[in-house]
Amino acid sequence: MSIFNRLFTEFFKQKTKDCFLWLLLQFVCSLGIAFFSVGHVFVNSTQAEDFFAGLCAIFLMLSFFVILIFYVVTCVKNEHINNNQTWRLAPIKDSLLYADNTLSSFIAVVYFSILEFLANFLLFGATFLLNKQFHTDTLRNIAEFKRSLHNVDINTIAVLLEAILLAILIAFLGYFLISFFNFSSSALLDFLPGSSSKKIMEVIRFIIIMVLAWLLSKANQFLRQLFINSGFYGIQNAFHSLIIVILTLVVIDLIFLGINIFLMTRYFEAKEKK
């Protein structure tokens, strides 16, 4: 377990070392968009207040895109580690190495999302102090939110928790699908003659992508039919529908996890990093 923890720490460091650079780039982009949208000449304090409010809103909107991009980047880093022969030589089972690598990628995304939340909170606080209208509107919205809390029941909280769990399962499914594409294409290539060219590899990858797309479309039809049959209207129906979807995704995740571990340990050979 100590080796597992040490590898996890190292993988996590590699995947989060550029987090603050991502936040800085996001802030610069938000600043540039606000600069050209609101205006760069502040004639009075009202325009300055509007600028900070616009900056806060733009930064918040960009957060969702940046987190998605960061997730894709962790997927790429995840496969780089899987393909690295040096890491495969670590004194740990391949199955645990794969689990360690995937888990560290997911935690890295969670960590970056927390940083995004803190950055948005700081910008929100600055705007709250500098913009009088924003200050007033925020206090009014908080008061309305407090009143609406009396109408929240246990089913609403359960649906919110299920939605979070659903997002987690989808995130893991993304990692598993990319690894499956990587492992299966390499495994199939090993069964071909040694003189096979890169074009054959491209054909194999294309076929795998088509198969995955077909499987995902079938899964989408199945889940959509579940929503229609259960009547996804109202908190009670939403609660039961999400349970079915979550259980379905758990099964799918476990299937791809098992396939990936099997392919990695039996048919996938990592390459020396150059």
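Coordinates for the structure precede this section.
Per-chain numbering applies: the sequence of each chain, read as written, is numbered from 1 onward. Per-residue local features are limited, in this predicted model, to residues with pLDDT of at least 70; the limit for side-chain atom pairs, both in listing and counting, is 80 or more; totals at the level of whole chains, interfaces and linings are taken over all residues. The side-chain figures draw on all heavy atoms in the structure; neither hydrogens nor water molecules are used.

Colleague: Could you give me a rundown of the overall build of the chain, with the residues and numbers involved?
Modeller: Along its length, the chain carries nine helices and zero strands. Secondary structure counts use DSSP, requiring at least four H or I residues in a row for a helix and at least two E residues in a row for a strand, with both numbered from the N terminus. Put simply, the chain runs from its N terminus to its C terminus through helices and strands in the order α-α-α-α-α-α-α-α-α. Exposure categories follow from relative accessible area, calculated using a 1.4 Å probe and restricted to protein chains: below 20% of the type maximum is buried, above 50% is exposed, and the middle band is partly exposed. Every one of the 274 residues in the chain was classed for burial, and the buried ones make up 35%. Contacts: residue pairs with any heavy atoms within 4.5 Å of one another. Long-range contacts, defined as pairs at least 24 residues apart, comprise 82% of the intrachain contacts of the chain with a sequence gap of at least 6. Per-residue accessibility takes into account occlusion by the displayed protein chains alone, with areas from the Shrake-Rupley method and a 1.4 Å probe. Accessible area for the chain stands at about 17,100 Å²; split by element, carbon and sulfur atoms hold 72% of it.

Colleague: Which residues make up the nonpolar core, and what are the values?
Modeller: Definition of nonpolar core: a set of buried residues of the types Ala, Val, Leu, Ile, Met, Phe, Trp, Tyr and Cys, connected through side-chain atoms within 4.5 Å. Counting 52 residues, the largest nonpolar core has Leu7 and Phe256 as the members making the most contacts within it. Those elements giving two or more residues to this core turn out to be α1 (2-16), α2 (19-38), α3 (45-82), α5 (94-130), α7 (154-190), α8 (198-230) and α9 (234-266). The residues touching Leu7, leaving out its near neighbours within four places in the chain, are Trp87, Ala90, Ile92, Leu97 and Asp100.

Colleague: Account for the packing of α1 against α5, with residues named and values stated.
Modeller: Where helices are involved, their axes are fitted lines through C-alpha atoms of the stretch in contact, as for all axes, and angles between N-to-C directions lie from 0 to 180°. As a packed pair, α1 and α5 sit with axes 9 Å apart at the nearest point and diverge in direction by 45 degrees. In terms of orientation, α1 and α5 fall into the oblique class. The two elements α1 and α5 cross, and the hand of that crossing is right-handed. Residue-level contacts link Phe4, Leu7, Phe8, Phe11, Phe12, Lys15 and Thr16 of α1 to Leu96, Leu97, Asp100, Asn101, Leu103, Ser104, Ser105, Ile107, Ala108 and Tyr111 of α5. The residue inventory of the contact of α1 with α5, partitioned by class, reads 11 nonpolar, four polar and two charged. Under this scheme an angle from 65 to 115 degrees is roughly perpendicular, one under 35 degrees roughly parallel, and one over 145 degrees roughly antiparallel; angles in between are oblique. By convention, the crossing between two helices is left-handed when the near helix turns anticlockwise from the far helix through less than a right angle, and right-handed when the turn is clockwise. Three classes are used, and their members are as follows: Ala, Val, Leu, Ile, Met, Phe, Trp, Tyr, Cys and Pro are nonpolar, Asp, Glu, Lys and Arg are charged, and the others, Gly among them, are polar.

Colleague: A description of a nonpolar patch on the surface should follow, citing residues and the corresponding values.
Modeller: On the surface, Leu103, Ile107, Val110, Ile114, Phe117, Leu118, Phe121 and Leu122 cluster together into a nonpolar patch covering about 740 Å² of accessible area. By the secondary structure assignment, Phe121 is in helix α5. Given the relative accessible area of 52%, Phe121 is considered exposed. Nonpolar side chains (Val, Leu, Ile, Met, Phe, Trp, Tyr) are joined into patches within 5 Å and like charges within 9 Å, using only residues with over 30% relative accessible area and no salt bridge. Counted as salt bridges are all cases of a side-chain nitrogen of Lys or Arg within 4 Å of a carboxyl oxygen of Asp or Glu.

Colleague: Can you lay out the pattern of salt bridges for me, pointing to particular residues and giving the numbers?
Modeller: Within the structure shown, the criterion is met by one salt bridge. A salt bridge links Asp94 to Arg88, with the shortest nitrogen-to-oxygen separation between them at 3.2 Å. Considered together, Asp94 and Arg88 belong to a single accessibility category, that of buried residues.

Colleague: How would you explain the packing of aromatic side chains if you had to name every residue and give the values?
Modeller: Pairing of aromatic rings covers Phe, Tyr and the six-membered ring of Trp, with a centre-to-centre limit of 6.5 Å; geometry is then stacked below 30 degrees between planes, edge-to-face above 60, and tilted otherwise. Counted according to the given criterion, the structure contains 11 aromatic pairs. With 5.0 Å between their ring centres and 55 degrees between their planes, Tyr71 and Tyr175 make a pair best called tilted. With Tyr71 in helix α3 and Tyr175 in helix α7, the pair connects residues that are 104 residues apart, well separated along the chain. Taking the relative accessible area as the measure of exposure, Tyr175 reaches 1% and is therefore buried. Site record: aromatic cluster; members linked through ring pairs are Tyr98, Phe106, Phe172, Phe176 and Phe183.

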